[in-house]
Amino acid sequence: MIRKLFVGAAASALFGLLAWSLYHLPAHPAGLTVQAHAALPRSGVSHPVTAVLLNYRGYDTLLEIAVLLLAVVGVWSLRAMPAGGPEARGAPILGALLRLIVPSLLLVGGYMLWIGAFAPGGAFQGGALLGGALVLLLLGGLGGALLRHIGLLRVALSAGLLVFIAVGALSMAVTGTLLQYPEGLAGTLILVIESAAMVSIGLTLGAMFHGGRPVRAEGAGDDE
Amino acid sequence: MIEHLFDVLLALLITWLGWRAVTDRDSLRAVVTFIALGLMLALTWLRLRAPDLALAEAAVGAGLTGALLLVSLKRRQSRPEGNPIEPGKEES
């Protein structure tokens, strides 16, 4: 009873504090909006959110992608999970539906990646769509065969982080500052990073849904 | 006017959905409530003119997290003895 009262009082105090600080926020925050917009032509992309994520604050995004990779490592260290076994076969209607949905998801994911330079979108949104496609494939019993190529899967999962670090190291060698892209190359480099990151993010989400380190299931070798 | 009404309704709905997602005794219903909450949050980001976040919230927050929660629910129910992670006491 005392503990409940204490938790209630603490939660109310936190809520009050948040409400108070929210109420006292300036109506027109100064922030860095002006500087961010002023530097946009030199950032390589024309969408401010992508410019912040991949250029101004690229280091944050680099760490975020590292966190995603760590999450997969964590899930894989918990247990092994058979991939593509005979029990994973889905219903035929689901399979027919997947043949329609999965290609369009891949297409829209690629579009998301490309449009991220000019409008809302980008690697995370595109990667989420890839992840959704992979979840559907796993539900339909078709994704296990994909996850079974464990060496390739590891490469693809870490590709986002590796490419990001490689670009960071290269740009550091050229300009002297980590992730300070060379003038004129920023757009290309951002697209390269985002493409690798999208694949890694999509596979990360799919691998999480699979729920364990994929291992070869018994009787799964017939469809190689 | 109508926009303000929409915003107020959205805020109330999110509070209620959040409350239900946390307190519901039926785990499956709580997960479905959570997915609905994610979609409403995506709408909120859209209203706050942050379409990037709305896209990410709808895809990751509602879609994939919902799928992850559903599959963990299913696995916990279908073979409780094969679960290598010891379920806590509060999960009874």
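About the criteria used
- Residues numbered from 1 in each chain as written.
- Chains lettered and ligands numbered in written order.
- Predicted model: local features only at pLDDT ≥ 70, side-chain atom pairs only at ≥ 80, totals over all residues.
- Helix = DSSP H or I, 4+ residues; strand = E, 2+ residues; numbered from the N terminus.
- Rg over C-alpha atoms; globule rule 2.2 N^0.38 Å.
- Contact = placed C-beta atoms within 7 Å.
- pLDDT = per-residue confidence, 0-100.
- Buried ≥ 20, exposed ≤ 12 C-beta atoms within 10 Å, placed from the backbone.

Caption draft 1: Representation of the overall build of chain A in the model. Broken down by element type, chain A carries 9 helices and 2 strands. Listed by position from the N terminus, the elements making up chain A come as α-α-α-α-β-α-α-α-α-α-β. Computed over C-alpha atoms, the radius of gyration of chain A comes to 22 Å, more than 25% over the 17 Å expected from 2.2 N^0.38 for 224 residues, which places it beyond the range of a compact globule. Projected onto its principal axes, the C-alpha coordinates of chain A cover approximately 65 × 65 × 35 Å. Long-range pairs, those at least 24 residues apart, make up 79% of the contacts in chain A with a sequence separation of at least 6.

Caption draft 2: Structural detail: the confidence of the model for chain B. Residue and element names in this part refer to chain B. Mean pLDDT over chain B stands at 84; residues scoring 70 or higher make up 85%. The secondary structure element of chain B with the lowest average pLDDT is helix α3 (residues 51-78), at 87, and the one with the highest is helix α2 (residues 27-47), at 94. Confidence drops under a pLDDT of 50 for residues 86-92, and excluding neighbours within four residues, the segment shows 0 contacts in the predicted structure. This prediction of the complex comes with two scores: 0.82 for pTM and 0.75 for ipTM.

Caption draft 3: Main features of unusual backbone geometry. The backbone of A:L179 shows a phi angle near 60°, a positive value even though the residue is not glycine. Following the sequence through the fold, A:L179 ends up in the loop between α8 (150-175) and α9 (186-210). Even without being glycine, B:R49 reaches a positive phi, approximately 60°. Checked against the element boundaries, B:R49 lands in the loop between α2 and α3. Judged by local crowding, B:R49 falls into the exposed class, with 8 C-beta atoms found within 10 Å.

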